[in-house]
Amino acid sequence: MKTLVTDDVAAAAALLRAGELVAFPTETVYGLGARADDADAVARIFAAKGRPADNPVIVHAAERAALDGVVAAWPAAAEALAALWPAPLTLVVPRAAGVPDVVTAGRDTVGVRVPDHARARTLLAAAGVPIAAPSANVSGRPSATRAEDVLADLDGRVACVLRDVPGARVGLESTVVDTTSDPPCILRPGALTLATLRARVGRLVARPPDGDVAAAARSPGTRHPHYAPRARVQLVDAPAPARDTAWLGLTRPPPGYGHVVITADVAAYAAALYATFRDVDAAGLAKIHCERVPEDGLGVALMDRLRRAAAAQT
Ligand code: TXA
Ligand code: MG
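Residues numbered from 1 in each chain as written. Chains lettered and ligands numbered in written order. Predicted model: local features only at pLDDT ≥ 70, side-chain atom pairs only at ≥ 80, totals over all residues. Heavy atoms only, no water.

Chemist: Could you clarify how one ought to interpret the overall build of the protein in this entry?
Modeler: From N to C terminus, the protein includes 10 helices and 14 strands. In terms of overall dimensions, the protein is globule-like: its C-alpha atoms have a radius of gyration of 19 Å, near the 20 Å expected for 314 residues. Principal-axis analysis of the C-alpha atoms gives the protein an extent of 55 × 50 × 30 Å. Burial statistics for the protein: of 314 residues in total, 54% are counted as buried. (Helix = DSSP H or I, 4+ residues; strand = E, 2+ residues; numbered from the N terminus. Rg over C-alpha atoms; globule rule 2.2 N^0.38 Å. Buried < 20%, exposed > 50% of the residue type's maximum accessible area, 1.4 Å probe, protein only.)

Chemist: What exactly am I supposed to notice about helix H1 (residues 9–17) here?
Modeler: An α-helical turn contains 3.6 residues, so any two residues separated by three or four positions project in the same direction. If you check which residues of H1 are buried, you get Val 9, Ala 12, Ala 13 and Leu 16. Seen along its axis, H1 keeps its buried residues to an arc of 100°; they face one direction. The secondary structure elements touched by the buried residues of H1 are strand E2 (22–24), strand E3 (31–35), helix H5 (118–127), strand E7 (131–132) and strand E8 (160–162). In this structure Asp 8 caps H1, since a side-chain oxygen of it lies 3.2 Å from the backbone nitrogen of Ala 10. Just beyond H1, the residue with positive phi is Gly 19, at close to 90°. (Arc of directions from axis to C-beta. Contact = heavy atoms within 4.5 Å. Polar contact = N/O pair within 3.5 Å; in protein donor to acceptor, adjacent residues only side chain to side chain.)

Chemist: When you look at the sheet that holds strand E10 (residues 185–188) in this model, what are you seeing that I'm missing?
Modeler: Within a sheet, adjacent strands bond to each other through the backbone by hydrogen bonds, running parallel or antiparallel. Pairing within the open sheet is mixed, and its 10 strands lie in the order E1-E8-E2-E3-E7-E4-E6-E5-E9-E10. Sheet topology places strand E1 (4–6) and E10 at the edges, where each strand pairs with a single neighbour. Relative to E3, E2 runs antiparallel, the two being bridged by three bridges. Within E3, the position partnered with Val 22 by the bridge is Gly 33. Together, E3 and E7 form the strand contacts of helix H2 (residues 39–49), whose direction differs from that of E3 by roughly 155°. (Pairing = 2+ DSSP bridges. Axes fitted to C-alpha atoms, helices over the stretch in contact; angles between N-to-C directions.)

Chemist: I keep staring at the environment of Pro 115 and nothing clicks. Help me out?
Modeler: Within the element layout of this structure, Pro 115 appears in the loop between strand E6 (109–113) and H5. The exposure class assigned to Pro 115 is buried, which follows from its relative accessible area of 0%. Non-local contacts of Pro 115, meaning those with residues more than four positions away in its chain, are made with Thr 26, Glu 27, His 60, Ala 61, Pro 86, Ala 87, Ala 120, Arg 121 and Leu 124.

Chemist: Could you clarify how one ought to interpret the site of ligand 1 in this entry?
Modeler: Within the structure, ligand 1 sits among 24 residues, and Thr 28, Arg 51, Asn 55, His 60 and Ser 174 are positioned closest to it. In this structure, Thr 28 approaches ligand 1 through a side-chain N or O atom, which is 2.6 Å from an oxygen atom. For ligand 1, an oxygen atom lies 3.0 Å from a polar atom in the side chain of Arg 113. Alone, ligand 1 offers 680 Å² of accessible surface; in the complex the protein occludes 97% of this. For the shell around ligand 1, the elements supplying multiple residues, two or more each, are E6 and E10. Element by element, the count of residues in the shell around ligand 1 is highest for E6, at four residues. (Near = heavy atom within 4 Å. Areas by Shrake-Rupley, 256 points an atom, 1.4 Å probe, with all protein chains shown as cover.)

Chemist: Explanation requested: the sheet that holds strand E12 (residues 245–249) in the structure shown.
Modeler: One open sheet accounts for four strands, arranged E11-E14-E12-E13; its pairing is parallel. Edge strands, defined here as strands with exactly one partner in the open sheet, are strand E11 (232–236) and strand E13 (259–262). Looking at each pair of strands side by side, their axes are set apart by 15° on average, direction ignored. Here five bridges tie E11 to strand E14 (residues 287–291), and the two strands are oriented parallel to one another. Within E14, the residue paired with Gln 234 across the bridge is His 289. The sheet strands contacting helix H9 (residues 266–282) are E11, E12, E13 and E14, and the helix crosses E14 at an angle near 170°. Most of the contacts of helix H10 (residues 298–311) go to E11, to which it runs at about 130°, and overall it touches E11 and E14.

Chemist: How do you make sense of the nonpolar core when you look at a structure like this?
Modeler: Most often, soluble globular proteins keep nonpolar side chains buried together rather than apart. Residues Leu 67, Trp 85, Leu 89, Leu 91 and Val 112 are the most contacted members of the largest nonpolar core, which totals 33 residues. If you look at the next biggest cluster of nonpolar residues, it comprises 27 residues, including Val 170, Tyr 227, Tyr 269 and Ala 310. (Core = buried A, V, L, I, M, F, W, Y, C linked by side-chain atoms within 4.5 Å.)

Chemist: Looking at this structure, I do not really get the packing of aromatic side chains. What am I missing?
Modeler: By the definition in use, this model includes three aromatic pairs. Here Trp 247 and Tyr 257 contribute two aromatic rings whose centre-to-centre distance is 5.6 Å and whose plane-to-plane angle is 40°, an arrangement assigned as tilted. Of this pair, Trp 247 sits in strand E12 while Tyr 257 is found in the loop between E12 and E13, placing the two residues 10 residues apart along the sequence. Pair check on accessibility: Trp 247 and Tyr 257 agree, each one buried. A centroid spacing of 6.3 Å and a plane angle of 65° characterise the contact between Tyr 274 and Phe 277, whose relative ring orientation is edge-to-face. (Phe/Tyr/Trp six-rings, centres within 6.5 Å; stacked < 30°, edge-to-face > 60°.)

Chemist: What is the right way to read the pairing of strand E5 (residues 89–94) from this model?
Modeler: The buried count for E5 comes to five of six residues, which makes it a mostly enclosed element. Pairing between E5 and strand E9 (residues 175–178): four bridges, direction parallel. The residue of E9 that forms the bridge with Thr 90 is Val 176.

Chemist: Is there a simple way to explain the packing of H9 against H10 in this structure?
Modeler: Packed helix pairs are characterised by how far apart their axes lie and by the angle those axes make with each other. It is at 9 Å that the axes of H9 and H10 come closest, and there the two elements cross at 25°. What the angle tells us is that H9 and H10 run roughly parallel. Between H9 and H10 lies a crossing of left-handed hand. Residue-level contacts link Val 266, Ala 267, Tyr 269, Ala 270, Leu 273, Tyr 274 and Phe 277 of H9 to Leu 298, Gly 299, Leu 302, Arg 305, Leu 306 and Ala 309 of H10. Residue composition of the contact of H9 with H10, grouped by class: 11 nonpolar, one polar and one charged. (Parallel < 35°, antiparallel > 145°, perpendicular 65-115°, else oblique. Left-handed = near helix turned anticlockwise from the far one by under 90°. Nonpolar A, V, L, I, M, F, W, Y, C, P; charged D, E, K, R; others polar.)

Keep in mind these values describe shape, not function.
Okay, structure coming up:
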């Protein structure tokens, strides 16, 4: 299959409607979309990514109202949090009967999201049906934040890659909140922080309660290896330059690193993370030293991804 790389949103939407796979930008990471009401199309997402069948995919729409057909009921916490949309926020809610099993990996819940990205919402509105979309990377690889990163993983395996437009980007995957648990809990930290969510739902907890044996089952994605480049990721407090090693952080290291990325703040660090992982792999470096950041606000999500990337290889 020849992959079309385009700025033509209408053409991308027509391909989605026809049951083809289309990678599209969002404010978090690129999604690999297919119409959520087409089980065969969604199955081809899993094949293209090499994604384990037990990991459900998020359903996206331009507006909350367009999700009513996939959601059986909106729990109180979901009602309160949906007011934050469009946002880097995924709500796990009871699924409607018509949602294909392949979307939810057979669960009785579905993850839904309205992204805060103008081009993504134009595409979703033009598609006219909810769109199932995991991150647009080969399973186990870092998420893709640039069209060229999508192509590096999926060229020839998807019908279309929609180019991005300039704008502020989070660069880390959405916050995932289970609104069906009691209390509601964060399954995956992201740019929408605990404080922001708690202002809407006071009982919300930062993670599934300790000892909750159902928690791992509710958070299937966290069981699979994620986010890691081929280069070995090491979390460091102080630099130790080496030619075969890259540096990514907030402060300037002493000379001697093979590749250096210095970011102005935690938001810029998060936005640069996956692109840097991929650039370091393309440069053939053996290691990447990532500076730790304080674990508050967006720093919680950034440290979560850094730890997973470091743990995936040890
Ligand atoms: O920012 C994002 O969320 C991006 C963009 C494209 O929207 N998507 C994304 O998708 O990161 P993916 O498939 O890479 O991660 C989705 C996460 C996985 O950890 C998955 O297990 C979880 O959401 N998830 C999806 N549906 C779920 C459900 N019904 N119950 C529990 N977890 C669910
Ligand atoms: Mg992913």
